[in-house]
Structures are given as C-alpha cells and as structure tokens.
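Understanding the architecture of this molecule
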Amino acid sequence: MLNIVFYEPEIPFNTGAIARTCGLTHTRLHLIKPLGFSVDDKHLKRAGLDYWHLVDINYYDSYDELVEKYPDSNFYLASTKAKKKYSDVKFKDGDFIVFGPETRGLPEDLIFGNYDMAIRIPMLKDYGRSLNLSNSANIILFEALRQLDFLDLE
C-alpha cells in the first residue's frame, strides 16, 4: 500500500479530493496537524463523501511522529525546490509521498535536510504559481502505482 501525506493542509476541498483518490486506489492518507479546517467541514466531505468510508486516514501532531511510527520507510518530499523529478524515483510498495500546505509548501529545513528524497513535478519556472495540491498528489501517486503495476487495482 502506498501512502500520501498532507502536512498541515489548509484547503478542505484538496484534502477531500485526495481522500477520494486514496479510497479508490487503496492508498493510506496521513494528515499532519494543524489542519486548516475541521474534518467535519462540508467542503471536505462533499469532495470525498461517497468514498470516505473507504479511506484509511491517520492523524499526527507532527511530522516527526509520523516518521517515528514508520522508521524504515521512504519519505519522498514533493517540492518545487527539488532538483530530482518524481519520474526518476523507483517507488516501492509502502513508500510515503509528502506534500506541504497549499500556500507555503513544506518547510525548507525539512526539504534541504532530506534533499536526496525531495522530488518535483516539472513545470514552467517564474510563473509564480504551482499545480494544485490534490492534482500534484494524483500525478505522483499514479506514477508510483504505474511503476508497481497498479498493485491490486483492476
């Protein structure tokens, strides 16, 4: 099973959208607090409502708590500051793909302290924006699933 991590997500729709993807791909979702919304938020539920019961969601008070729980796992950090493309990674079952909050991304000390695990999606430079969080998570997740022959998906 693959793992998607949203570090301090701010927009409920993005979390609801990736929850829906996780439910349909048998991917575990990890949310690191603080969340910028209530998990009862109507936008969150609306985006993933029909799939909410299918999602294995785990909550953590910090990134360190998550890493301590899975000490032997790979944690890939999605960031526009990375040099390595996500398509250059050889994903394994059980890997974690970590995404930062919509307005600021992952903390720089986390990225640069683990730079060999930082990955990016190629896109135009100097545009001043990046891809939507849930879209980015879907792009990288499906590359990982493709590499793993989609695990047990039909």
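Residues numbered from 1 in each chain as written. Predicted model: local features only at pLDDT ≥ 70, side-chain atom pairs only at ≥ 80, totals over all residues. Heavy atoms only, no water.

- The protein appears in an unreviewed UniProt entry as Putative tRNA (cytidine(34)-2'-O)-methyltransferase from Peptoniphilus gorbachii.
- Checking UniProt for the protein, the heading Subcellular location (unreviewed entry) contains the comment "Cytoplasm".
- According to its UniProt record, the protein has this under Sequence similarities (unreviewed entry): "Belongs to the class IV-like SAM-binding methyltransferase superfamily. RNA methyltransferase TrmH family. TrmL subfamily." (UniProt positions renumbered as here; feature names shortened; annotations may be inferred.)

Brief notes about the nonpolar core
- By size, the foremost hydrophobic cluster in this structure holds 27 residues, and its most contacted members are Ile4, Phe6, Leu29, Phe91, Phe99 and Ile140.
- Only strand 1 (3–7), helix 1 (12–25), strand 2 (28–32), strand 4 (75–78), strand 6 (96–99) and helix 5 (133–147) provide two or more residues apiece to this core.
- For this core, the element with the highest residue contribution is helix 5, accounting for 6 residues.
- In this structure, Phe91 is in contact with Tyr76, Tyr86, Ile97, Ile119, Ile140, Glu143, Ala144, Gln147 and Leu148, ignoring residues within four places of it in sequence.
- Core analysis: the second largest hydrophobic core is formed by 16 residues, Val5, Leu110, Ile111 and Ala118 among them. (Core = buried A, V, L, I, M, F, W, Y, C linked by side-chain atoms within 4.5 Å. Buried < 20%, exposed > 50% of the residue type's maximum accessible area, 1.4 Å probe, protein only. Helix = DSSP H or I, 4+ residues; strand = E, 2+ residues; numbered from the N terminus. Contact = heavy atoms within 4.5 Å.)

Details of the layout of surface pockets
- Counted as a void, the largest pocket has a volume near 870 Å³.
- What lines the largest pocket is a set of 33 residues, among which Ser79, Thr80, Met123, Ser130 and Leu131 lie closest to the centre.
- When contributions to the lining of the largest pocket are tallied by element, the ones reaching two or more residues are strand 7 (118–120) and helix 5.
- At 3 residues, the largest contribution of residues to the lining of the largest pocket is made by helix 5. (1 Å grid on protein atoms, 1.4 Å probe; cavity = no way out; pocket = protein on both sides within 12 Å on 5 of 7 lines; lining within 4 Å. Points joined across faces, edges and corners; volume = space filled by probe spheres on them.)

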